[in-house]
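Residue-level listing of the chains:
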Amino acid sequence: MIDQTELIKYFLLESEDYINTLLEGLEDLENKGFSQETLEAIYRATHTLKGSASIVKFNKIATLAHKLEDLFEAIINHEIQQDTSIINLVRRVVNSMINFINEVSQYNEEKSELDSNIVNLIDEIIEKKIILQTEESQDIYAPLPMINSVRVELGLIDSLFDILGEIIVQKNIISDREKELRNLVEDILKSGKKLFNEIISFSDRYWLAPLGEKTKVLDTFFTDFSDLEFDRYDEYHIFTRKIAEITNDINEGLNELISFSENLSSNFKTLGKEIITLKDSLLSIRMLPIGRLLNKISEAIKDTANNLGKQINIEIKGGDIKIDKPVFDLLYEPLIHILRNAIDHGIETPENRLSIGKPAKGNIKLLVRKEGKYVVISITDDGKGIDIDRVKEIALSRGLLTQEQMHYMNNEEILSYIFVPGFSTSEDVDFQSGRGMGLNIVKTSITKLKGTIEVYSELHKYTTFLIKIPQSLSITNLLIFRSSDLEFAVPINYIEEILTIEDFPDVKSEKLINHKNRFITVKVFSELYFSSNGKHSEKGYIIIFNFSGIRKALLVDDILGQEEVAIYPLGKFLEGLTQYIGYVLSAQGTPRFVIDPVKIFEEEFVFTISKPLTFESTAYIGTVLIVDDSISVRRSLQTLLEAKNLKVYAAKDGLEALNILEEKTVDIVITDLEMPVMHGYELINRIRKDIRFKDLPIIVLTSRGTKKHQEKAIDLGADGFLVKPFDEKTITELLSNFQILKNQIY
Amino acid sequence: MSEEIREEKHFCVFGIGEREFLIPKESVIQVLDITKIFPIPGSPDYIVGALPVRGKIIPAIDLAKVYNIERINYSENKLLVLDVEGEKIGILSDITPFFVSFDKEIVVDDYLDPKKLYEELKIKQPSSNKTNENLP
């Protein structure tokens, strides 16, 4: 449970505001007369004050606020005459509340007794609808408790963050410069040492060499001495000695420079640490314990449950974990939505629960925990759970999924379709044991918070929503990658895994990988926005994103690392580039555009979402039957052909293909040769034997490119030959040969 | 007549290829030497890229692409930074921009209204695919 003193602190802060609103409102009523606007303002203030007081269980303040609320309501509705004589009474109540608030601030509890006279008086007034004269109350209010805090606009803190971000960039640039300086100094030091050594060895050698007869000493200092009095010096000696001395001085200086630059870098390290502390404490300024939010929500939810005749118990754990104020504000709606759903559709009525052996009281658990820089909120109810079969049915009937797609999806992935817009369209739709609408809105809100939401459920047992959001919005954890020699960043929250291209050599052509028994479509980043993909880098990484259970992959050239930075918005001029969330600057000041993974894969979502149920529609320009035992071949070919507005049927062996041919009209067959149950040769043979299909074009698709295979297939009646791996162009050409794509516009 | 106060308008002149344009002096906030421009993948071709300036980026616009002007050489590239309602945008100039003043009455040719230019060249949000996004 959340720390009570913490809550009281917030209550005191809030109550100060409400009391001030009340006092100002009363002044206005008295001086400017009764206006509906003022009345409503003070009515709202008492209402909220009542709510906040009851959360921290200050019942006396809550009661007084409640009475005032009733009184104001009656005045607003003109049930009671709008007369200034009422103000004295209100003042007394307010004063009484202030006294309680003062007690709370001193002792953390309401000490004195509630003045029942006032309460009764208000009750009487409301009942009899007349203003009873009360004795003049003093016009002086007791002062509100001194609270050692100031309220600051979030915008101010945000601008501090901007400045801090700038400081960090500058610091990084200076740090880099400092490294350059160190390298420079080290280089100079090396050369200096070399020079010094050269000089020393030269002078040593020269020292030992005998002097030639002809060398004359010019320096008068030396000529004043006789040869016996002094070592024999000539100009070279003096020169080398001087050089040696100078070199020594330089060396000395260089050593000082080295220690200077060492000091400098340790200073920079300290500065760096201080900046991080500054960032953290700045962040903590706008952090609030999530328990405040959860308490508020659970109060509201208990009301809902009561109204529906359901009994619930709410368990909150981890309420002391703090989150950023903007996150805090934006979480309210989605959380309350999920909880309302849990009560509306999840928790059964007490009778129902007892009859199936559950305790009458439903249990809702709100668990909050920290995972690094993220906060994970799990909301579990022990209600009906979600019926996966109903989800499948609805997904099918709304055309969100096909049977075939479901075939290779696990329950978790299918369940995630409840978040898809249009999954259910009306508030009343309650898919048996599931949840109503609005989950896509929940998801949108969570996505705005750069968070993720997942759902787990077991029928008749439980439903869990797992929300993962960053603790703070201003600093984002980014993965930096390179593509086509440019650097980009992507928020790390959706990233599940990073694979190397070596394990998936065909990914560039197939745009599909089979990873952990999941088929994941891959987008090649360099092909998204660059028309020329000139040089193909050998290196490559596949970033796997997990969007609430739906996985997508992005192929990039190189991964450069991870960074925690503040993202700058692109500004109004560029904001149309919705594929970017904003940009960050590298330590060197190079801009890196931060891609929005949701946008990158958006059309795919839209495609699955809005695909209408027009199976036999005439909108298609032709119908193709694909026969292949490899699901990835079927899938990729299907995607490719569907993009060309062709209706595609798929079969995994010859027999299935014949069945489809019986039922559907097909314009062309593309078949593999090696397949289980009935192989391709036999399929071709059977098709050709059937008089109905004697002119049906058949293309053989195989990895066996030898002449022998080709000839055999052609002998049996195949019309074309396609060797795996295939590319789009070949297929398009082949299909146009058979008049299938004759009108194609691509 | 002699005491008449002549009101003048101040312009900044910049050039692209053979052409010269005028823009009100008030909207020009600085002229930068172009060191390195970083391309913005996915942007229209008249946006040649972004120039990082003091921790922020300024989009660089090549009006040659907008007005179909042929360039003979890329001699001296400068970026004219404009402030349009608090937003900074940059326009490439092949010459070093200079300032001129004209009598208020004179109608100048090749005059560019920064606000209009901004609105015209601003990247529009894709209108489709937005339906589900903005639901309350």
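In this text the structure is predicted, and so the values were computed from the model without any measurement.

## Digging into the interface of chain B and chain A
Residue-level contacts link 24 residues of chain B with 26 residues of chain A. Elements represented by at least two residues in the side of chain B that touches chain A include exactly β4 (47-53), β5 (56-61) and β7 (87-93) of chain B. Counting residues per element, the side of chain B that touches chain A draws most heavily on β5 of chain B, which supplies 3 residues. Across the side of chain B that touches chain A, the residue classes tally to 13 nonpolar, 6 polar and 5 charged.

## Looking at the packing of helix α22 (residues 680-689) of chain A against helix α23 (residues 707-716) of chain A
Residues and elements named next belong to chain A. One can describe the packing of α22 onto α23 by two numbers: an axis separation of 9 Å at closest approach and a directional angle of 20°. The angle between α22 and α23 places the two elements in the roughly parallel class. The chirality of how α22 crosses α23 is right-handed. Of α23, the residues touching α22 (which contributes Tyr681, Ile684, Asn685 and Arg688) are Lys712, Ala713 and Leu716. Taken together, the residues of the contact of α22 with α23 sort by class into 4 nonpolar, 1 polar and 2 charged.

## Points about the nonpolar core
Among the nonpolar cores identified, the biggest contains 65 residues, and Ala553 and Val594 of chain A together with Ala60 of chain B are the most heavily contacted of them. In this structure, Val594 of chain A is in contact with Leu478, Ala489, Val490, Ile567, Tyr580, Ile581, Gly582, Tyr583 and Val584 of chain A, ignoring residues within four places of it in sequence. Among the nonpolar cores identified, the runner-up in size contains 44 residues, and Ile290, Ile297, Ile338 and Ile467 of chain A belong to it.

## Observations regarding the sheet that holds β5 of chain B
Residue and element names in this part refer to chain B. Read across the sheet, 5 strands follow the order β3-β6-β7-β5-β4 without closing on themselves; strand pairing throughout is mixed. Pairing within the sheet leaves two strands with one partner each, and these edge strands are β3 (28-33) and β4. Strand-to-strand twist across the sheet, computed as the mean angle between neighbouring axes with direction ignored, equals 30°. Bridge analysis of β5 against β7 gives 2 bridges, and the strand direction is parallel. Counted as the bridge partner of Ala60 is Gly90 from β7. Across the sheet, helix α2 (residues 114-121) touches β5, β6 (78-84) and β7, and the angle it forms with β6 is around 100°.

## Structural notes on the packing of helix α3 (residues 59-76) of chain A against helix α5 (residues 116-128) of chain A
To describe two helices that pack against each other, one gives the angle between their axes and the distance between the axes. All names here are of chain A. For the pair α3 and α5, interaxial distance at closest approach is 10 Å and the crossing angle is 20°. With respect to α5, the axis of α3 lies roughly parallel. Helix-helix and strand crossings are classified by hand; for α3 and α5 the assignment is left-handed. Contacts between α3 and α5 involve Thr63, Lys67, Asp70, Leu71 and Ala74 on the former and, on the latter, Val119, Ile122, Ile125 and Ile126.

How each quantity is defined
Residues numbered from 1 in each chain as written. Chains lettered and ligands numbered in written order. Predicted model: local features only at pLDDT ≥ 70, side-chain atom pairs only at ≥ 80, totals over all residues. Contact = placed C-beta atoms within 7 Å. Helix = DSSP H or I, 4+ residues; strand = E, 2+ residues; numbered from the N terminus. Nonpolar A, V, L, I, M, F, W, Y, C, P; charged D, E, K, R; others polar. Axes fitted to C-alpha atoms, helices over the stretch in contact; angles between N-to-C directions. Parallel < 35°, antiparallel > 145°, perpendicular 65-115°, else oblique. Left-handed = near helix turned anticlockwise from the far one by under 90°. Core = buried A, V, L, I, M, F, W, Y, C linked by C-beta atoms within 7 Å. Buried ≥ 20, exposed ≤ 12 C-beta atoms within 10 Å, placed from the backbone. Pairing = 2+ DSSP bridges.

By themselves these figures say nothing about function.
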